[in-house]
Amino acid sequence: MDVDPLLLTTLLAAAAMAGWVDAVVGGGGLLLLPALLVAAPGVPVATALGTNKLAAIFGTATAAVTYGRRTKLDWRVAGPAAGLAVLTAGVGAALAGAVPAGAYRPVVLVVLLAVAVFVLTRPRLGVVARPERRTRVRVAVAVGVAGLGIALYDGLIGPGTGTFLVLAFTALVGADFVHASAMAKVVNAGTNLGALVVFAATGHVWWLLGAAMAVCNVAGAALGARMALRRGSGFVRVVLLVVVVALVVKLGYDQWRAG
């Protein structure tokens, strides 16, 4: 593919920022996927998603390793969810070619509005851990929601997956935002892997561009994970709200222009 040098620079910067956002709270795809669609008008959605997954898998893996070295991961939740996510995201990726280019925006916008309302009306959510919520039933529900529902969405559409995983783990099993982000990165690495395998097998990955973006994504992810660990759950909550509100405004404006 041919990309204007200025647009290429913008894509690489977006990849670095997406890595930072993904590592802190998730949602980096909402920066990188639209940037890809703008840089390459007419690109099939599946190709944009596949190239995004190539960059994102390195960033999420980097963030997962960083969190794993400095905090205790709840593998009882993250392990099974990640295993399911590889398979389920692959199924979603196989269906992604049927999604029109403009279809993802209204879906993500509605979900993000729900996330914003949910977080704003629960000021203590994720700030402190609630271990009493970690029952067998809630663990099973969290594994199903993350490894089946959210993973299918990630393969099919993608943007916002990390944010939805963080909210699922805080709301369902009472994790604080830092530990929820750590689990989210493990599961998100699984969803990225499953989707990437399918996109690659069907020829929907721009490898050179994706590799260049991956380098920038890793740099952003390493910085973001360290900042989240150093500054704690309050910082992650603030970033979550800022990212969600900013993306709601942006996607709402884009939808208004398109409609």
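Up top you'll find the structure we're talking about.
Residues numbered from 1 in each chain as written. Predicted model: local features only at pLDDT ≥ 70, side-chain atom pairs only at ≥ 80, totals over all residues. Heavy atoms only, no water.

Colleague: Would you explain the packing of helix α1 (residues 5–24) against helix α9 (residues 207–231) in this entry?
Modeller: In the contact formed by α1 and α9, the axes pass within 6 Å of each other and the chain directions differ by 35 degrees. Between α1 and α9 lies a crossing whose hand is right-handed. Residue-level contacts link Leu8, Leu11, Leu12, Ala15, Ala16, Ala18, Gly19, Trp20, Ala23 and Val24 of α1 to Leu209, Ala212, Met213, Cys216, Asn217, Gly220, Ala221, Leu223, Gly224, Ala225, Met227 and Ala228 of α9. Tallied by class, residues from the contact of α1 with α9 come to 18 nonpolar, four polar and no charged. (Axes fitted to C-alpha atoms, helices over the stretch in contact; angles between N-to-C directions. Helix = DSSP H or I, 4+ residues; strand = E, 2+ residues; numbered from the N terminus. Left-handed = near helix turned anticlockwise from the far one by under 90°. Contact = heavy atoms within 4.5 Å. Nonpolar A, V, L, I, M, F, W, Y, C, P; charged D, E, K, R; others polar.)

Colleague: Explanation requested: the pattern of salt bridges in the structure shown.
Modeller: Pairing between side chains of opposite charge can happen when their charged atoms approach one another. Summed over the entire model, instances satisfying the criterion amount to three salt bridges. Residues Arg134 and Asp74 are paired through a salt bridge, measuring 2.6 Å at the closest nitrogen-oxygen approach. With Arg134 in the loop between α5 (104–120) and α6 (136–156) and Asp74 in the loop between α3 (45–70) and α4 (75–95), this pair connects stretches of sequence that are 60 residues apart. The partly exposed category is assigned to Arg134, whose relative accessible area is 30%. (Salt bridge = Lys/Arg side-chain N within 4 Å of Asp/Glu carboxyl O. Buried < 20%, exposed > 50% of the residue type's maximum accessible area, 1.4 Å probe, protein only.)

Colleague: Looking at this structure, I do not really get the nonpolar core. What am I missing?
Modeller: Nonpolar side chains tend toward joint burial in soluble globular proteins. Residues Leu112, Phe169 and Met183 are the most contacted members of the largest nonpolar core, which totals 59 residues. At ten residues, the largest contribution of residues to this core is made by helix α10 (residues 233–258). Not counting residues up to four positions away in its chain, the partners in contact with Phe169 are Val77, Ala142, Ala146, Gly174, Ala175, Ala180, Met183, Ala184 and Val187. One finds Ala35, Ala46, Ala89 and Met213 within the second-largest nonpolar core, a separate group that totals 27 residues. (Core = buried A, V, L, I, M, F, W, Y, C linked by side-chain atoms within 4.5 Å.)

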